[in-house]
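# Remarks on the overall topology
Take a look at the letters that make up each chain.
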Protein chains: 2
Amino acid sequence: MTATSQHGWTTDPRELLRVGEGFRLADVDPDATPGYDGRKKHGRADLRAGADELAALQERLYAQSRVDPSTPAVLLVLQAMDSAGKGGIVRHVIGATDPQGIRLKAFKKPTAEELQHDFLWRVERELPEPGFIGVFDRSHYEDVLIGAVRELAPPEEIERRFGAINDFEERLAASGTKVVKVMLHISSAEQKSRLMERLDRPDKHWKYNPGDVDERLLWPRYMDAFQTVLERTSTDLAPWHVVPANAKWYARLAVQALLLDALESIDPRWPAAAYDVAAEKRRLAAS
Amino acid sequence: MTATSQHGWTTDPRELLRVGEGFRLADVDPDATPGYDGRKKHGRADLRAGADELAALQERLYAQSRVDPSTPAVLLVLQAMDSAGKGGIVRHVIGATDPQGIRLKAFKKPTAEELQHDFLWRVERELPEPGFIGVFDRSHYEDVLIGAVRELAPPEEIERRFGAINDFEERLAASGTKVVKVMLHISSAEQKSRLMERLDRPDKHWKYNPGDVDERLLWPRYMDAFQTVLERTSTDLAPWHVVPANAKWYARLAVQALLLDALESIDPRWPAAAYDVAAEKRRLAAS
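So, how was this worked out
- Residues numbered from 1 in each chain as written.
- Chains lettered and ligands numbered in written order.
- Predicted model: local features only at pLDDT ≥ 70, side-chain atom pairs only at ≥ 80, totals over all residues.
- Heavy atoms only, no water.
- Helix = DSSP H or I, 4+ residues; strand = E, 2+ residues; numbered from the N terminus.
- Rg over C-alpha atoms; globule rule 2.2 N^0.38 Å.
- Buried < 20%, exposed > 50% of the residue type's maximum accessible area, 1.4 Å probe, protein only.
- Areas by Shrake-Rupley, 256 points an atom, 1.4 Å probe, with all protein chains shown as cover.
- Pairing = 2+ DSSP bridges.
- Contact = heavy atoms within 4.5 Å.
- Buried area = accessible area lost by both parts, 1.4 Å probe.
- Salt bridge = Lys/Arg side-chain N within 4 Å of Asp/Glu carboxyl O.
- Polar contact = N/O pair within 3.5 Å; in protein donor to acceptor, adjacent residues only side chain to side chain.
- Nonpolar A, V, L, I, M, F, W, Y, C, P; charged D, E, K, R; others polar.
- Axes fitted to C-alpha atoms, helices over the stretch in contact; angles between N-to-C directions.
- Least-squares fit on C-alpha atoms with pLDDT ≥ 70 in both.
- UniProt positions renumbered as here; feature names shortened; annotations may be inferred.
- Phe/Tyr/Trp six-rings, centres within 6.5 Å; stacked < 30°, edge-to-face > 60°.
- Lys NZ or Arg CZ within 6 Å of the ring centre and 35° of its normal.
- Patch = residues over 30% accessible without salt bridge, like charges linked within 9 Å, V, L, I, M, F, W, Y side chains within 5 Å.
- Lys, Arg positive; Asp, Glu negative; His and termini not counted.
- Charge placed at Lys NZ, Arg CZ, Asp CG, Glu CD.
- Expected span 1.5 Å × (residues − 1).

An unreviewed UniProt entry lists chain A under the name PPK2 family polyphosphate:nucleotide phosphotransferase, with Isoptericola halotolerans as the source organism.

The number of helices and strands found in chain A is 12 helices and five strands. Computed over its C-alpha atoms, the radius of gyration of chain A comes to 20 Å, within 12% of the 19 Å expected for a compact globule of 287 residues. Considered along the principal axes of its C-alpha atoms, chain A spans approximately 70 × 45 × 45 Å. With 287 residues in all, chain A has 52% of them scored as buried. Only carbon and sulfur atoms are counted for the fraction: they give 49% of the accessible area of chain A, which is about 12,900 Å².

Now for the pairing of strand E3 (residues 133-137) of chain A. Residues and elements named next belong to chain A. With five of its five residues buried, E3 lies for the most part within the structure. Burial along E3 is two-sided: Ile 133, Val 135 and Asp 137 and Gly 134 and Phe 136, pointing in opposite directions, are all buried. Inspection of the sheet shows strand E1 (residues 73-80) paired to E3 by five bridges, in the parallel sense. By the bridge assignment for E3, Leu 78 is matched with Asp 137. Where strand E2 (residues 102-106) meets E3, five bridges bridge the pair, whose relative direction is parallel. Paired with Lys 105 across the bridge in E3 is Phe 136.

Residue and element names in this part refer to chain B. Taking burial as the measure, the five residues of strand E5 (residues 240-244) include five buried ones, the bulk of the element. Burial along E5 is two-sided: the face carrying Trp 240, Val 242 and Pro 244 and the face carrying His 241 and Val 243 are both buried. With five bridges connecting them, strand E4 (residues 177-185) and E5 associate as parallel partners. Residue pairing in the sheet places Lys 181 in a bridge with Trp 240 of E5.

A few words now on the interface of chain A and chain B. Tallying the contact residues gives 43 residues for chain A and 43 residues for chain B. Together chain A and chain B conceal approximately 4,000 Å² of surface at their shared face, both sides included; 64% is due to carbon and sulfur atoms. For the chain A face of the interface with chain B, the top three residues by lost area are Trp 206, Tyr 275 and Leu 284 of chain A, together amounting to 19%. In this assembly, chain A and chain B are joined by six salt bridges. With a shortest N-O distance of 3.0 Å, Asp 214 of chain A and Arg 283 of chain B are connected by a salt bridge. The interface formed by chain A and chain B contains 20 residue pairs in polar contact (both at pLDDT 80 or more). Among the secondary structure elements, those contributing two or more residues to the side of chain A that touches chain B are helix H2 (40-67), helix H3 (86-92), helix H8 (188-200), helix H9 (210-216) and helix H12 (277-285) of chain A. The dominant element in the side of chain A that touches chain B, judged by the number of residues it contributes, is H12 of chain A, at six residues. Partitioned by chemical class, the residues of the side of chain A that touches chain B number 23 nonpolar, five polar and 15 charged.

What follows deals with the sheet that holds strand E5 (residues 240-244) of chain A. Residue and element names in this part refer to chain A. With parallel pairing, the five strands of this open sheet are ordered in space as E2-E3-E1-E4-E5. In the strand order of this sheet, the two ends are held by E2 and E5, each with one partner. Going from strand to strand, the sheet's axes swing by 20° on average, the running direction of each strand aside.

Let us now look at the environment of Val 277 of chain B. Its location among the elements puts Val 277 of chain B in helix H12 (residues 277-285). In this structure, the C-alpha to C-alpha distance between Val 277 of chain B and Gln 79 of chain B, residues 198 residues apart in sequence, is 46 Å. If we skip the residues at most four places from it in the chain, Val 277 of chain B touches Leu 199 and His 205 of chain A.

Enumeration over the complete set of coordinates arrives at 50 salt bridges over all chains. Between Glu 124 of chain B and Arg 171 of chain B there is a salt bridge; the shortest N-O distance is 3.9 Å. Here Glu 124 of chain B is found in helix H5 (residues 121-124), whereas its partner Arg 171 of chain B is found in helix H7 (residues 155-174), with 47 residues between them in sequence. A salt bridge links Glu 157 of chain B to Arg 160 of chain B; the shortest N-O distance between them is 2.9 Å. Remark: Arg 160 of chain B and Glu 157 of chain B occur in helix H7; sequence separation between them is three residues, near one turn of the helix. Accessibility expressed as a relative area gives 38% for Arg 160 of chain B, which makes it partly exposed. One salt-bridge network, in which partners are shared between bridges, spans Asp 118, Glu 157, Arg 160 and Arg 161 of chain A.

Below, the discussion takes up the relation of the copies chain A and chain B. With an RMSD of 0.0 Å, the fit of chain A onto chain B corresponds to turning through 180° and sliding 0.0 Å along the axis. On this basis, the relationship between the two copies can be described by a two-fold rotation axis.

Here we take up the UniProt feature "domain: Polyphosphate kinase-2-related" (unreviewed entry) in chain A. Mapped onto the present numbering, the UniProt feature "domain: Polyphosphate kinase-2-related" (unreviewed entry) falls on residues 42-266 of chain A. The span residues 42-266 of chain A carries 53% helix and 14% strand; its end-to-end C-alpha distance comes to 28 Å.

According to the stated counting rule, one finds 18 aromatic pairs over all chains in the structure shown. Measuring from ring centre to ring centre gives 5.6 Å for Tyr 62 of chain A and Phe 132 of chain A, while their planes differ by 80°; the resulting arrangement is edge-to-face. Pair noted here: Tyr 62 of chain A is in helix H2 and Phe 132 of chain A is in the loop between helix H5 (121-124) and E3, with a separation of 70 residues, a long-range link. Exposure remark for Tyr 62 of chain A: the relative accessible area of 16% places this residue in the buried category. Summarising the aromatic geometry, the rings of Tyr 141 of chain A and Trp 240 of chain A are spaced 4.7 Å apart at their centres and angled 70° between planes, so their arrangement reads as edge-to-face. In this pair, Tyr 141 of chain A sits in the loop between E3 and helix H6 (146-149) while Trp 240 of chain A sits in strand E5, placing the two residues 99 residues apart along the sequence. Neither Tyr 141 of chain A nor Trp 240 of chain A differs from the other in exposure class; each is buried. One Lys or Arg, Arg 66 of chain A, reaches over the ring of Tyr 62 of chain A and ends 4.4 Å from the middle of that ring. Lying over the aromatic face of Phe 107 of chain B, Lys 105 of chain B brings its terminal NZ or CZ to 5.8 Å of the ring centre.

What follows covers a positive patch on the surface. Residue and element names in this part refer to chain A. There is a patch of like positive charges on the surface, built from Lys 40, Arg 44, Arg 48 and Lys 248. A total of three residues in the positive patch trace back to one element, the largest contributor, which is H2. Along the chain, Arg 44 falls in helix H2.

For the rest of this paragraph, the subject is helix H7 (residues 155-174) of chain A. Residues and elements named next belong to chain A. Across its 20 residues, H7 extends 29 Å between first and last C-alpha, which sits within 8% of the 28 Å expected from 1.5 Å per residue. Within the span of H7, buried status applies to Glu 157, Ile 158, Arg 161, Phe 162, Ala 164, Ile 165, Phe 168, Glu 169, Leu 172 and Ala 173. Of the surrounding secondary structure, the elements contacted by the buried residues of H7 are E1, H5, H6, strand E4 (177-185) and helix H10 (219-233). Gly 176 sits one or two positions beyond H7 and adopts a positive phi of about 100°.

Structure below.
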């Protein structure tokens, strides 16, 4: 019995959304809400309930790590086309946890210094410590997505990176980090409507960048690049999940469920006191 | 009219809690709830309302910084005796904002590398960028608190640090950072009861450290050290606020009010589009 089975999930989203053998991105319907037997209203209620579970598991994980340095970490990797809802996941799913146990990093266009190093250099520096939930808003996958589409690196370098990524994530998993990789998948039409809303509302203008349309014009090439990335880097230890994201409430619920699963698989425990409780009570009472 | 005046505050807590000329820590009652005309129940409701205001201001501040690199940052500095509620402030006040606009740093005992540098070195590296709310859970003030009480540095070095801190914070303020310094003030009896609860509850054992009682035994010396710190480093540009913290709900509300004041004094605005909105609408429509 997992936490997620307590709610409107009819099928474990971890299995349902996982990228396995023969996966085809083109077959995923961005409007769908697979495995969830409920509508927006139920989804929101379940999100609130899940937030409490997530916060409780997070606190236990953090607590365990304070006493046991071999405690695992969790790393959520978010990739998506512009406006697919990464920010909303951070605000509504991650935002419901304790900031003290979160390591959030939004990766931007690499700086001159970062470009002087291997593409994984800046990523390694941002990995979560034991007991933390790390969140990558974009990640090393940019280097094989925009990197391939915009030909920022030659094909043989892109090829090398796939191997490097799989090695890197295997090491991560071996060192006790639960890697949860998520592609938020919206349709091209949904993106158009979301970008138009940003142009229509003065309080959203800052979220829009003319470059967004430049990338949008390359939509088919991005979908091809995602297909390749998903095929080449969805491994047993660090599988990808493609989350239909036209319905924001569903995407948030699904990512929350994936995080809950990751934390439950760690099964963190309140650590035993590393001191003599009775003796400390006496010492404190006398103080 | 400030946001805080809309709620149960009868007097602006920024003025009321501010450390000014002739301030005496010994005169502050940790049980008091100065300036707030309401009880716990009202305080909680106001905290929720304030959270929405804080999130809205935070988003505007962040938005402005995306377009205008001269946008200010906010830096909340939290200092307190153990168990005074710093963690609760982070969870309940900061936790209600968008994690994407927060830079949280919990300073621990300095590492060997950190000790090889000036005490401000590790602090400078964690300053919030424009548009961010930085939160220091402990800070450079440890170096003049435990630093003085435990004689980790000679008196002339402690003396030098006061000057260095004032210079540092003056530079910070000049570069556009709103510095909000808070001492959470609990009584010795309240600390005893909170530490005892940690010993009584197995799910709280991890929060207790035998060293907590060692520090507790030095309570009067810590109060003296705080008094000196407050006297020497409460400046016009970066004043200290002493927040009575025996009532957790009050302390959270007061710190939230101080943050709201800081953000309102910045008065962040939705930035104008740095592109031609009509032209982009046409380009997007055609895409």
